[in-house]
Amino acid sequence: MPMHQSQRLRLVTAGKLVVLILLVAIFFLPLVSMLITSLKTMEELFKIPPVVFPRVAQWGNYATAWTMVRFGHFLINSLIISFFYTFPCILGSCFAGYAFSRFHVREKNGIFMVVLSTLMIPQMVTIIPMYIIVSKIGLADKMWLWLLFGISGTPFLIFLFRQYFSTIPVSFEESARLDGAGRFRIFFAIMFPLVQTAVIVAGIFAFQWSWADYLQPVLFLKGEKVTLAVKLAIGYTDQKENVLHNIGMAGLLYYTLPIIIIFFGLQRRFIAGLLSGGLKG
Amino acid sequence: MAQARLGRMKAENRKSFYIFLAPWIIGFLIFSLLPIGWGLVTSLTNRMAFSVKWKFNGLANYREVLTNPEVLYGFMITFVYALLHTTLAIVTGLLIALLLERRVPGRGIFRTILYFPYMLPLVAVGWIFKVFLDRDTGFLNEVLVKLGMLKEPIAWLQMFPLQSILALAFWQAGWSLVIFLGGLATIPDELYEVATIDGARYGRRLRHITMPLLSPFIFFQFVASMIYAMQTFIQPYIMSPKPRRGENLFMETPPRETFFVMAQAYQQVITAHKFAYGIAMLWTLFVVILVITVIFIRLGGFVVYTEVEEKR
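About the cut-offs
- Sequence order sets the numbering: in each chain, residues are counted from 1 along the sequence as written.
- Each chain is given a letter, starting from A, and each ligand a number, starting from 1, according to the order in which they appear as written.
- Where totals are concerned, whole chains, interfaces and linings use all residues; where local detail is concerned, this predicted model gives features only for residues with pLDDT of at least 70, and gives and counts side-chain atom pairs only at 80 or more.
- In DSSP terms, a helix is any run of H or I states spanning at least four residues, a strand is any run of E spanning at least two, and both are numbered starting from the N terminus.
- Taken over C-alpha atoms, the radius of gyration is set against a globule rule of 2.2 Å times the number of residues to the power 0.38.
- Buried, partly exposed and exposed are defined by the number of other C-beta atoms within 10 Å of a residue's own C-beta, namely 20 or more, between the two limits, and 12 or fewer respectively, with C-beta atoms placed from the backbone.
- We call two residues in contact whenever the C-beta atoms placed from their backbones are within 7 Å.
- To obtain each axis, a line is fitted to C-alpha atoms, and for helices this fit is confined to the stretch in contact; angles are then taken between N-to-C directions over 0 to 180 degrees.
- Angle categories are assigned with fixed cut-offs, so that under 35 degrees is roughly parallel, over 145 is roughly antiparallel, 65 to 115 is roughly perpendicular, and the rest are oblique.
- Two helices cross in a left-handed way if the nearer one is turned anticlockwise from the farther one by less than a right angle. They cross in a right-handed way if the turn is clockwise.
- Three classes are used, and their members are as follows: Ala, Val, Leu, Ile, Met, Phe, Trp, Tyr, Cys and Pro are nonpolar, Asp, Glu, Lys and Arg are charged, and the others, Gly among them, are polar.
- An automatic or database domain assignment supplies the start and end points of every domain.
- Expected span, for any helix, means 1.5 Å times one less than how many residues it has.

J.: Quick question: what am I supposed to make of the overall build of chain B here?
T.: Within chain B, the regular secondary structure consists of 14 helices and zero strands. The linear arrangement of helices and strands in chain B, starting from the amino end, is α-α-α-α-α-α-α-α-α-α-α-α-α-α. Taking 312 residues into account, the globule formula puts the C-alpha radius of gyration at 20 Å, and chain B, at 25 Å, lies well above it. Based on the C-alpha atoms only, the size of chain B along its principal axes is roughly 85 × 70 × 30 Å.

J.: When you look at the overall build of chain A in this model, what are you seeing that I'm missing?
T.: Check the secondary structure of chain A and you find 14 helices and zero strands. Its C-alpha radius of gyration of 24 Å places chain A more than 25% over the 19 Å reference for a compact globule of 281 residues. Projected onto its principal axes, the C-alpha coordinates of chain A cover approximately 80 × 75 × 30 Å. Burial status across chain A gives 39% buried among its 281 residues. Across chain A, the fraction of contacts at a sequence separation of at least 24, relative to all contacts at a separation of at least 6, is 78%.

J.: What exactly am I supposed to notice about helix H6 (residues 139–146) of chain B here?
T.: Given 3.6 residues per turn, any residue in an α-helix points the same way as the ones three and four places further on. Of all the positions in H6(B), only Phe139(B), Leu140(B), Asn141(B) and Glu142(B) are classed as buried. Looking at the buried residues of H6(B), the elements they touch are helix H1 (5–38) of chain A together with helix H5 (122–133) of chain B. Positive backbone phi, approximately 80 degrees, marks Gly148(B), located one or two places after H6(B).

J.: Whenever I open this one, the packing of helix H3 (residues 69–99) of chain B against helix H11 (residues 202–229) of chain B confuses me. Can you help?
T.: Helix-helix packing is described using two parameters, namely the angle between the two axes and the distance between the axes. Residues and elements named next belong to chain B. For the pair H3 and H11, the least separation of the axes is 9 Å and the interaxial angle reads 140 degrees. One way to sum up the angle between H3 and H11 is to call them oblique. Crossing of H3 over H11 shows right-handed handedness. Here H3 contributes Tyr 81, Ala 82, His 85, Thr 86, Ala 89 and Ile 90 to the contact with H11, which in turn contributes Ile 218, Gln 221, Phe 222, Ser 225, Met 226 and Ala 229. Residues that form the contact of H3 with H11 fall into these classes: eight nonpolar, four polar and no charged.

J.: Honestly, unusual backbone geometry in this entry has me stumped. Any pointers?
T.: Excluding glycine, most residues fall at negative phi; most peptide bonds, likewise, are trans. Unlike most non-glycine residues, Arg70(A) shows phi in positive territory, near 50 degrees. Residue placement: Arg70(A) occurs in the loop between helix H3 (60–68) and helix H4 (71–102). The phi dihedral of His273(B) falls on the positive side, at around 60 degrees, and the residue is not glycine. Among the structural elements, His273(B) can be located in the loop between helix H13 (261–271) and helix H14 (275–303). When the 14 C-beta atoms within 10 Å are taken as the criterion, His273(B) is described as partly exposed.

J.: When you look at the domain arrangement of chain B in this model, what are you seeing that I'm missing?
T.: By a frequent convention, interface size equals the accessible area lost on bringing the separate parts together. Annotation of chain B at the domain level lists domain 1 (1–33) and domain 2 (59–303). The C-alpha centroid of domain 2 of chain B is placed 39 Å from the C-alpha centroid of domain 1 of chain B.

J.: Is there a simple way to explain the packing of H3(B) against helix H9 (residues 174–185) of chain B in this structure?
T.: All names here are of chain B. As a packed pair, H3 and H9 sit with axes 8 Å apart at the nearest point and diverge in direction by 45 degrees. With respect to H9, the axis of H3 lies oblique. The hand of the H3/H9 crossing is right-handed. Contacts between H3 and H9 pair Ala 89, Ile 90, Thr 92, Gly 93, Leu 94, Ile 96 and Ala 97 from the former with Ser 176, Leu 177, Phe 180, Leu 181 and Leu 184 from the latter.

J.: Which parts of the structure should I look at to understand the environment of Glu101(B)?
T.: Tracing the sequence through the fold places Glu101(B) in the loop between H3 and helix H4 (107–115). Through-space distance from the C-alpha of Glu101(B) to that of Leu184(B) is 7.2 Å; in sequence the pair is 83 residues apart.

J.: What should I look at first to understand H5(B) in this one?
T.: Residue and element names in this part refer to chain B. In a regular helix each residue adds 1.5 Å, so twelve residues correspond to 16 Å; H5 covers 16 Å between its end C-alpha atoms and thus fits that length. Along H5, eleven of the twelve residues are buried, which leaves the element largely enclosed by surrounding structure. Every buried residue belonging to H5 is among Val 123, Ala 124, Val 125, Gly 126, Trp 127, Ile 128, Phe 129, Lys 130, Val 131, Phe 132 and Leu 133, and all of these are buried.

Structure, rendered in structure tokens:
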């Protein structure tokens, strides 16, 4: 007997939901593991037969994770280089995206191809020689380098801004130009506020990249100046060089918290911004 | 008169273009072109970290790269890993995107949660999985043993080093997901409506509407993901099953199965101080990536659906 149309639809939706909930459960497992491991004692972790949940949640692990590596100090380092990178990166990408969407010169498409082709250059091909050059001229260990690392933006964000600017009618600028406004006034007073969503997307990405980046800080910064990514990659160890998984997971939770807060705080505009601007065209 | 004004406008246009492009140009010259050029020249020398005197030795470094069996194995395994990584990320992303395609309750929440792991820093993700999969202390073993699905804990990281790192590709498929959701949003609803009226079932609609119209996005994602995965570097170190000694992550190399080209080059330059040789390795990878990209773009013409012939 053929099923009713709406009945069938409901069945399909239910099936989809089951698969999705299963996927979410699988996706949550590593995060649950992180949380539970961070609340166990080392004895509980090594117990045979294994125990899944801690008998008493060891919240003290979080205090240990903070003091053991002077977390606050490296947190500030990470924040500094992330902010140093993020602002020039937004501005550089935005400028370039604006240039590509608005000003028509013959060589424009050629240059745009160059921008896109930089995607194919492995990060290390540029960073390792850069590191050697920078240490030769005595600029290693300088955090302000991150102010420069961002200025050329990134191909993806340039593309994103270009798409956003392309949706804004040219008439907006033309009337301002007739009123005698200069190019920077037109850009900052009229155009920049109109691409707010793209600015948010770019800001989140740039911050996430520099916050997560391992290669540049490990090469360009030393000792006291390294970032959380570099510090935490080694993991937490005791005097006998045993790796402390429980403390380590607590430290990682601190490290990922800013990303979690920013992402879930802005996710609506972030994902919508990605979907509406970047991909069409 | 009008001619002169047009000329002035054109000049003005060009000036604006280059003023706004200036940061990119400066950054490109300093942080891309300069190191690439310097690296290329260096790769043709015998330069070491502390050597004052060095001389050109032609393609000797490249010859060494291409004749060293361990390095060649590294290239092979890097390519295999990248291919598996890309396939896994695309299949996962595509599956989730199709599940979220139409009216599903809680669509936004699912999208956010399933995208989320992609935003986590690689260092964190590597550690989360190292601890998750650990033989003695890992949560996965504890749960599986408790549920009676395993008798003995399994040393996942030792037995399956490559697959362990691939698990990250599955977990971080969020990027593909967003690309494909964006792609699906570009397909007009009318196409589906007409097809449904004509009696086309889901399978047929998927094959004749969704997949062809999504193919440019899949192709783009395939190429981008390959380029990205060929550069995998830090995960094998963090997830290395070998016991860690001291404060240096690079004291021990990862197991052979996950000792990718990037890591090998890093070891040569930073640990062994063989600048020229390490950079030659990086350049070889660069060329391999270029060749693979060009091949894919050529092949792409056959698999990607386009509505109109491109104007030449």
